[in-house]
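What follows is each chain in one-letter form.
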Amino acid sequence: MKTNIQFIPFAMLLNREIQRFMKVLAQTILTPMMTSTLYLLIFGVSLGASIQMSSGISFLEFLIPGLIMMGCLNNSFQNSSSSIVSAKFGGDLEDYRVSPLSNSQIVWALSLGGLARGLIVGGITFLVGEVFFYSTTGAWLNVHSWPIFVFFLAIGGLSFAKFGMSVAFWAKTFDQMSIVGNFLLLPLIYLGGVFFSLEKLSPFWQSVSKFNPLLYLINGVRYGVLGQADVSLSSCILVSGVALVFFHFLALRSLNRGSFVRW
Amino acid sequence: MSKPLSVQELIKDYGPNRAVDKVSFEVEPGEIFGLLGPNGAGKTSIISIITTLERPTGGAVSVFGHDVVKDSRQAKVNLGVVPQEIINHGYFTVEEILKFHSGYFGIWENQKQIDFLLERLDLHVHRNKRVKQLSGGMKRRLLIAKALVHKPKLLLLDEPTAGVDIELRESLWGFVEELKAQGISVVLTTHYLEEAEQLCDRVGIIHKGQIRKVGPTSSLIKEFTQRRIQLTLKDQIAPVSHRWLVDQSANQLVFQVPADQGLGDLMSTVDFSYENVMDAQIMEGTLEDAFRRVLGEPTA
Ligand SMILES: Nc1ncnc2c1ncn2[C@@H]1O[C@H](COP(=O)(O)OP(=O)(O)OP(=O)(O)O)[C@@H](O)[C@H]1O
Ligand SMILES: [Mg+2]
């Protein structure tokens, strides 16, 4: 019986997190497949045909990276937050505390678990997007830079999973959880330039949007896929780096302060 | 060698309410220590502080010399706990739960111990069930299996037999004695004082957050209970007056005798002879009597 509390507790919790969403594959994979198909059908193909982008790309091309990142962020957030909320109700959160799992092990295991689901959903959205792109243009959409594409997906997914943990630790009810999801996250994602380009906004709203950190995460992915975006690559890297560090310490702090006792 | 468990001047406040009030006790290697007290006495609060689920307001707790606040991860390596409340695990099966729990304690591959526990706790046929599909007694056994996956040297059992039938209770206590024989120290809380009397080497009696008495079970019984001697006489006699007499009816006399005095001592102080005694029944004090005495309740 070999014991190692430096690495194994983290690895096992990550394993648990992945198995948890694999048990409800319909929820984790089919639902986002359905939503991205619908978005692509409605916005990308039917409405998008009439939208003219100034930068010489089609609206469908513009939309695909945004949807990929939206799916990734949403699902990373969902995964870690629902994992914690259900563990609070079931009492298994107590198991984390009575064992030698450290708070930073918990934060990394849950955020990587959330990211895993975010990447799967992002990947599925990408594949669905490719099918749509091929069926309308007769060619595949080429990814401009895989490292940049994956980098922003990873930073975004990790940050949002950590944010989801913090919210779940803070929330006392499911209502509070969904308030954060619906009133904070959803508007920020939608207004972060998934569906429209900054250039279409009035100067005033352009400057307001620049305060939305989601804009930089989404445009980072867009840069990775298309090689062009509404904001500069360096600002995307800077904002997403800051977001990751901020949400990491926010999650750690909510674990240090919060209670693991069941509700 | 540091003690398996040392609790010093422990205080726990929930808001303005003091649930644990300067509690101190120690647990020796290989002993079974009973933490006894009525509902709300503070037993679970003490256990939650040992397992780091709750933070102490004051005082210190250490497990094998590791402070549970400053050195909590090392303290928990050798600690197993069976919580009072059932824990649910959503979609996971009994076997998966045990595998995960082993991992949280730093053991990736633990199939041998898991199989042993499943077998020993009669859970083998249920290993692919989810918690929701188990009966109450099976859920308890799963909690016990979880607490033992990493072979802890100190085991905390918070009412492990609540809602468990007699047969299972007996087999669980048998298991606890086996663990003790392997040198594992056990702290348990229970409301079944008869079981605590059989099982515990020492007990601490706690009431309203304060330890009223700690000591070896047998000496507590000696100190706080009296022997009852019931004599049935051949012939009815006139009312007896004796300082130990508690009841006289027809030809029956009931005496309460200090634990260090015997039937001989009694007979030498009464004014009737052995020949007149038809039958004598001696009833030793129980832990339950001692418990009531310590809490200041009338004994049954
Ligand atoms: N999380 C909490 N918040 C506030 N008060 C609490 C909390 N947990 C326990 N208490 C209070 O602390 C006191 C001690 O409770 P505790 O659960 O430790 O008792 P116990 O001895 O385990 O009782 P029982 O035999 O019923 O399990 C009680 O008055 C209880 O109401
Ligand atoms: Mg209790």
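Bear in mind the structure is a predicted one, so any value in this text is a computation, not a measurement.

Caption draft 1: Representation of the site of ligand 1 in the model. All names here are of chain B. As a structural note, the neighbourhood of ligand 1 is formed by 13 residues, with N39, G40, K43, T44 and S45 the closest of them. Within the side chain of E159, an N or O atom sits 3.4 Å from an oxygen atom of ligand 1. Interatomic distance of 3.3 Å between a side-chain N/O atom of H191 and an oxygen atom of ligand 1. Expressed as a share of its isolated accessible area of 630 Å², the protein-covered part of ligand 1 is 60%.

Caption draft 2: Representation of the packing of aromatic side chains within the structure. All names here are of chain A. According to the stated counting rule, one finds 21 aromatic pairs over all chains in the structure shown. Each ring, one from F246 and one from F247, has its centre 5.3 Å from the other, and the planes form 70°; the classification is edge-to-face. Among the residues examined, F247 registers a relative accessible area of 14% and is labelled buried. Just above the ring of F169 sits the side chain of K88; from NZ or CZ to the centre is 5.7 Å. Taking the ring centre of F260 as reference, the NZ or CZ of R97 above it sits at 4.1 Å.

Caption draft 3: Highlighting the sheet that holds strand 12 (residues 245-249) of chain B. All names here are of chain B. Strand order in this open sheet of four strands is 12-13-11-14, and the pairing throughout is antiparallel. With one partner strand each, in any of the chains shown, strand 12 and strand 14 (277-283) form the two edges of the open sheet. Shown here is a sheet whose adjacent strand axes are inclined to one another by a mean of 15°, direction ignored. As judged from the seven bridges shared by strand 11 (residues 226-233) and strand 13 (residues 252-258), these two strands associate in the antiparallel manner. By the bridge assignment for strand 13, T232 is matched with Q252.

Caption draft 4: Just the coordination of the magnesium ion (ligand 2), in detail. Taken together, the protein donors to the magnesium ion (ligand 2) comprise B:T44 (OG1) and B:Q84 (OE1), at separations of 1.9 to 2.2 Å. Remark: B:Q84 occurs in the loop between strand 6 (79-82) and helix 3 (94-104) and B:T44 occurs in helix 1 (residues 43-50); sequence separation between them is 40 residues.

Caption draft 5: Geometry of the sheet that holds strand 1 (residues 5-14) of chain B. If you trace the four strands from one edge of the open sheet to the other, you get 2-1-4-5 (chain B), paired in antiparallel fashion. Only two strands of the sheet have a single neighbouring strand rather than two, namely strand 2 (17-27) and strand 5 (66-67) of chain B.

Caption draft 6: Main features of the domain arrangement of chain B. Structurally, chain B comprises domain 1 (5-221) and domain 2 (226-284). Computed from C-alpha atoms alone, the centre-to-centre distance between domain 1 of chain B and domain 2 of chain B is 44 Å.

Caption draft 7: Representation of the interface of chain A and chain B within the structure. Across the contact, 36 residues belong to chain A and 32 residues belong to chain B. Counting the contacts that link chain A with chain B gives two salt bridges. A:K23 is paired through a salt bridge with B:E96; the nearest N and O atoms lie 2.8 Å apart. Linking chain A to chain B there are 13 residue pairs in polar contact (both at pLDDT 80 or more). Broken down by secondary-structure element, the contributors of at least two residues to the side of chain A that touches chain B are helix 1 (8-23), helix 4 (92-98) and helix 10 (233-257) of chain A. Sort the elements by how many residues they give to the side of chain A that touches chain B and helix 1 of chain A lands first, with 10 residues.

The rules behind each value
Residues numbered from 1 in each chain as written. Chains lettered and ligands numbered in written order. Predicted model: local features only at pLDDT ≥ 70, side-chain atom pairs only at ≥ 80, totals over all residues. Heavy atoms only, no water. Near = heavy atom within 4 Å. Polar contact = N/O pair within 3.5 Å; in protein donor to acceptor, adjacent residues only side chain to side chain. Areas by Shrake-Rupley, 256 points an atom, 1.4 Å probe, with all protein chains shown as cover. Phe/Tyr/Trp six-rings, centres within 6.5 Å; stacked < 30°, edge-to-face > 60°. Buried < 20%, exposed > 50% of the residue type's maximum accessible area, 1.4 Å probe, protein only. Lys NZ or Arg CZ within 6 Å of the ring centre and 35° of its normal. Pairing = 2+ DSSP bridges. Helix = DSSP H or I, 4+ residues; strand = E, 2+ residues; numbered from the N terminus. Axes fitted to C-alpha atoms, helices over the stretch in contact; angles between N-to-C directions. Donors = N, O, S within 2.8 Å, 3.2 Å for Na, K, Ca; no water. Domains from an automatic or database assignment. Contact = heavy atoms within 4.5 Å. Salt bridge = Lys/Arg side-chain N within 4 Å of Asp/Glu carboxyl O.

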